[in-house]
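Listed here are the chains, written in short residue letters.
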Amino acid sequence: MNASLKMKKIRPLIWSLAVILLGIISAIFLYKFINPLLINFKQQPLFLTGSPFFSSFMEYPGGLTEYLSLFFSQFFVSRVVGTLVILAFATANAVVLYYLAKKHLGQDISLGLAISVGILLTGLHASYEATLQTSIVLLISSLSVFFLQLLNTRKNYFKIPLIVFLGSLMYFYIGATALMAFTALFAATTLYKKDVSNYLTALLLIGACFALPAYTSATSAYMGYKEASLGILEPTRKPFFFVQLITFLISPVLILLSPLKKKMSIKPLAINTIHIALPILLIAFSTAFYYFSFNKDKKNNLLFHYLAKNKQWAEVISIGKELSFNDRKVPFQLNRAYYHQNILIHKAFQIPQYWGERGLILTSHYNSEVLMLCSDLYYDMGHIKASLHWAYEAQTKFPFSPDVLQRIILCNLILNEFNTAEHFIDMLSRSVIYRKWAEQQRKFLNKPQLVSRDSELGEKQKLTPDEDFFTNQIQPIYDLSMLLKKNPSNKMAFEYYMIYAMLTHDLVKMEKEIHCMGSVGYKKIPIHLEEAILLFSVLNKEKKIDTGYYTVSQETSQRFRAYSELMMKYRSNLKQGEPEFRQGYKDTYWYYIHFVSPITTKREFKEKK
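As the structure is a prediction and not an experimental result, all values here were calculated from the model.

**Student:** Would you explain the overall build of the chain in this entry?
**Tutor:** The number of helices and strands found in the chain is 33 helices and zero strands. With the C-alpha coordinates of the chain rotated into their principal frame, the extents come out at 100 × 60 × 40 Å. Counting every position in the chain, which comprises 609 residues, the buried fraction comes to 51%. Sequence separation of 24 or more characterises 68% of the internal contacts of the chain that already satisfy a separation of 6 or more. Taken as two groups, the 66 positive and 43 negative side-chain charges of the chain have centres that lie 14 Å from each other.

Here is the structure:
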């Protein structure tokens, strides 16, 4: 008995320490491993003040949930604040569920349940696609059931219509998932009383779960029954859907099973032991769940693109070499980083360019994932109309993406399209997060001289072609040629033109524009260009490339002779000699031509267009 009393006294201390430790573990998981900045980068949330923006979310079931989620998600631009917001929602849900389940499950079990739900809600964000909608839906559903418990003394003629009406409001504003969660929690917390009114109310709510989506799909031109009935649940995303389902169902299931607790005969000492072990099990569960939900490759891929967006090119190169090159966005960003580090035409073939020109410029085979990357590239090289075209394409897929809207503003300012720029500046000015940036751009409106004097906008303006021409998505090398025609000193256009010609084996095009080499400020011929010149001279012996006062280095010439001797050695079976070629020449353009190029290997690409 004394042992039982002692254990009962130390239980609160153990729980307090466990809750503190779980909070620390969750905070470290979110801040250090997940990083809300990357969630923000992936989701691009934008919340605008004003009734038009709000009204657009009131046109479909669950719109208010999305609206609230955007409001809180916008603060993920801060790593610290983002961590605190996610933890705050997880904690709020845990507190409400604790008080909701306490009288059914007892203090310790309900606390364990509440903490488990908080852990699940936190771990969901490891997907980087999870919004705060799951937390908001569960919180509102739980709060509604909690406050309904205060109506137990009300008359049935008042209580039943009120609950059904509340459920209907919840469906139209919070969503189908909220109605289902509300119904499950209401049924679990009231059916044990064996009250006919509770049975009737639960049946009416269950009927509403089917009837209201049917009504919505019948009256809506854009929402089918599946979309109307599932809300934020997405069965096609199995791991994410499975965790969501557990999060919503674990509370009502345990509360429904609570009567079994009274029938079980367990000694007080055993109960105390179980309750003391529970916090330890929760710590183990949280650690294991966070560990298995965290995907390092997914994070590094997002971090890779985030760093590119913020022009941290050395870090882009460092991370990019560790990523899978099965994704052509990886060589694309690495090629950009190499250019900005001034090593593209020196080291481009040190990475596996087996996507060929498709890994250099993404326009020929594009999908929603690469639209802004196309805009980024053309913005870099001063092809502003092309950059704006791709930004508008991106806006059709992501109408409220801050990155897209900022690019549209900058491009229109550079092109002196001030009315259009002002429209988007006004839009971003209604954002708490981007208002300051938008107002800073307002100073350029109707002041072309101020634009031309700006260090960034003016520089892009100088590179923009005077001649208006249609962009060539399939053969972008022609766009690069037009950029060089406008400005032979456009170094990025020149290097991309040369690399594109080399990747497509079109050394004739390389020879056509090599005269621009003197305009871009080279002190000597870049290594890969030397390699291409030597290869061209062998394939076109009667025609000599005019390199002006530049000469190919002795080192590259000697290396080419050694490579040619190896070619003679294995001329009947190059595949047999590939290990020897790879060992000595895998970083050369020649190795790319014979062993890596998709033209040579006839590699087929399977990708969404």
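From this point, things continue past the structure.
**Student:** What is the right way to read the side chain of Ser69 from this model?
**Tutor:** Summarising the element assignment, Ser69 is placed in helix α4 (residues 63-73). A residue is classified by how much of its surface remains accessible, and Ser69, at 3% relative accessible area, is buried. In contact with Ser69, other than residues within four places in its own chain, are Thr131, Leu132, Gln133 and Ile136.

**Student:** I would appreciate a short explanation of the packing of aromatic side chains in the present structure.
**Tutor:** Both the distance between ring centres and the angle between the ring planes are used here to describe each pair of aromatic rings. Inspection of the entire model under this criterion finds 34 aromatic pairs. Ring centres 5.2 Å apart and planes at 50 degrees place the aromatic pair Phe349 and Tyr589 in the tilted group. Within this pair, whereas Phe349 is found in the loop between α18 (344-347) and α19 (371-380), its partner Tyr589 is found in helix α32 (residues 589-596), the two being separated by 240 residues in sequence. There is no split in this pair, since Phe349 and Tyr589 are both buried. Note on Phe581 and Phe595: the rings are 5.1 Å apart at their centroids and 45 degrees apart in plane angle, and the pair reads as tilted. In this pair, Phe581 sits in helix α31 (residues 574-585) while Phe595 sits in helix α32, placing the two residues 14 residues apart along the sequence. In this structure Phe581 comes out as buried when scored by relative accessible area, which is 0%. We classify Phe595 as buried; its relative accessible area is 16%. Through pairs of rings, three or more aromatic residues link up here, namely Phe47, Phe53, Phe54, Phe57, Tyr67, Phe71, Phe72, Phe75, Phe89 and Phe400. Sitting above the plane of the Phe240 ring, Arg237 keeps its charged end 4.3 Å from the centroid.

**Student:** What exactly am I supposed to notice about the pattern of salt bridges here?
**Tutor:** For the coordinates displayed, the defined rule picks out 14 salt bridges. With a closest N to O distance of 2.4 Å, Glu578 and Arg582 form a salt bridge. Note that Glu578 and Arg582 are positioned in helix α31 at a spacing of four residues, about one turn of the helix. The network of salt bridges with shared partners includes Glu129, Glu234 and Arg237.

**Student:** Help me out: how do you make sense of the nonpolar core in this one?
**Tutor:** Core analysis: the biggest nonpolar cluster contains 112 residues, and Tyr496, Met510 and Leu529 have the highest contact counts within it. The element contributing the most residues to this core is helix α27 (residues 491-503), with 11 residues. When near neighbours in sequence (up to four residues on either side) are disregarded, Leu529 contacts Ile345, Phe494, Met498, Met502, Met510, Ile514 and Met517. The next biggest cluster of nonpolar side chains, apart from the first, holds 65 residues, and it includes Val117, Leu132, Leu138 and Val243.

**Student:** I tried to follow a nonpolar patch on the surface on my own but got confused; where do I start?
**Tutor:** On the surface, Phe158, Leu162, Phe165, Leu169, Phe172, Tyr173 and Tyr215 cluster together to form a nonpolar patch covering roughly 650 Å² of accessible area. Broken down by element, the nonpolar patch gets its largest block of residues, six residues, from helix α8 (residues 156-174). Here Leu169 lies in helix α8.

**Student:** Looking at this model, I keep getting lost on the state of the cysteines. Mind explaining?
**Tutor:** One pass over the structure, following the stated rule, counts zero disulfides. Summary of cysteine pairing: Cys374 is not part of a disulfide, and the nearest cysteine sulfur, belonging to Cys411, is at 13 Å. Owing to a relative accessible area of 0%, Cys411 belongs among the buried residues under this scheme.

**Student:** Where do I start with the environment of Leu483 in this structure?
**Tutor:** Inspection of the secondary structure assignment puts Leu483 in helix α26 (residues 477-486). With relative accessibility at 0%, the residue Leu483 sits in the buried group. When the C-alpha positions of Leu483 and Ala493 are compared, they lie 6.5 Å apart, and in sequence the two are 10 residues distant. Dropping the residues within four chain positions of it, Leu483 is found in contact with Met381, His383, Leu463, Pro465, Asn490 and Ala493.

**Student:** Hey, could you run me through unusual backbone geometry in this one?
**Tutor:** Note: most residues except glycine have negative phi, and most peptide bonds are trans. Phi is positive for His505, close to 65 degrees, though the residue is something other than glycine. For His505, a relative accessible area of 28% gives the class partly exposed. The phi torsion at Lys602 lies on the positive side, around 55 degrees, for a residue other than glycine. As for its position among the elements, Lys602 is in the segment after α33 (598-601). What makes Lys602 exposed here is its relative accessible area of 67%.

**Student:** Can you help me understand the environment of Trp313 in this one?
**Tutor:** With respect to the helices, strands and loops of the structure, Trp313 is situated in helix α16 (residues 313-320). Residue class for Trp313 comes out buried when judged on its relative accessible area of 8%. For the pair formed by Trp313 and Leu334, sequence separation is 21 residues and the distance between their alpha carbons is 8.5 Å. Setting aside anything within four residues of it in sequence, one finds Trp313 in contact with Ala308, Arg336, Ala337, His340 and Gln341.

**Student:** Any chance you could explain the packing of helix α6 (residues 107-123) against helix α12 (residues 238-256) here in plain terms?
**Tutor:** In the contact formed by α6 and α12, the axes pass within 9 Å of each other and the chain directions differ by 170 degrees. Of the possible angle classes, the one that applies to α6 and α12 is roughly antiparallel. Taken together, the residues of α12 that come into contact with α6 (itself represented by Leu113, Val117, Leu120 and Leu121) are Val243, Ile246, Thr247, Ile250, Ser251 and Leu254. Here the contact of α6 with α12 is built from residues that sort into eight nonpolar, two polar and no charged.

**Student:** How should the packing of helix α5 (residues 79-105) against α12 be read in this particular structure?
**Tutor:** A pair of packed helices can be characterised by two numbers: the angle between their axes and the separation between those axes. Packing of α5 against α12 brings their axes to within 9 Å, and their N-to-C directions diverge by 20 degrees. By the angle between their directions, the pair α5 and α12 is classed as roughly parallel. In this structure, α5 meets α12 at a crossing whose hand is left-handed. The segment α5 lies against α12, with Leu97, Ala101, His104 and Leu105 engaging Ser251, Leu254 and Ile255. By residue class, the composition of the contact of α5 with α12 is five nonpolar, two polar and no charged.

Conventions adopted
- Residues numbered from 1 in each chain as written.
- Predicted model: local features only at pLDDT ≥ 70, side-chain atom pairs only at ≥ 80, totals over all residues.
- Heavy atoms only, no water.
- Helix = DSSP H or I, 4+ residues; strand = E, 2+ residues; numbered from the N terminus.
- Buried < 20%, exposed > 50% of the residue type's maximum accessible area, 1.4 Å probe, protein only.
- Contact = heavy atoms within 4.5 Å.
- Lys, Arg positive; Asp, Glu negative; His and termini not counted.
- Charge placed at Lys NZ, Arg CZ, Asp CG, Glu CD.
- Phe/Tyr/Trp six-rings, centres within 6.5 Å; stacked < 30°, edge-to-face > 60°.
- Lys NZ or Arg CZ within 6 Å of the ring centre and 35° of its normal.
- Salt bridge = Lys/Arg side-chain N within 4 Å of Asp/Glu carboxyl O.
- Core = buried A, V, L, I, M, F, W, Y, C linked by side-chain atoms within 4.5 Å.
- Patch = residues over 30% accessible without salt bridge, like charges linked within 9 Å, V, L, I, M, F, W, Y side chains within 5 Å.
- Areas by Shrake-Rupley, 256 points an atom, 1.4 Å probe, with all protein chains shown as cover.
- Disulfide = S-S within 2.5 Å.
- Axes fitted to C-alpha atoms, helices over the stretch in contact; angles between N-to-C directions.
- Parallel < 35°, antiparallel > 145°, perpendicular 65-115°, else oblique.
- Nonpolar A, V, L, I, M, F, W, Y, C, P; charged D, E, K, R; others polar.
- Left-handed = near helix turned anticlockwise from the far one by under 90°.

Scope: geometric values only; no functional claims are made or implied.
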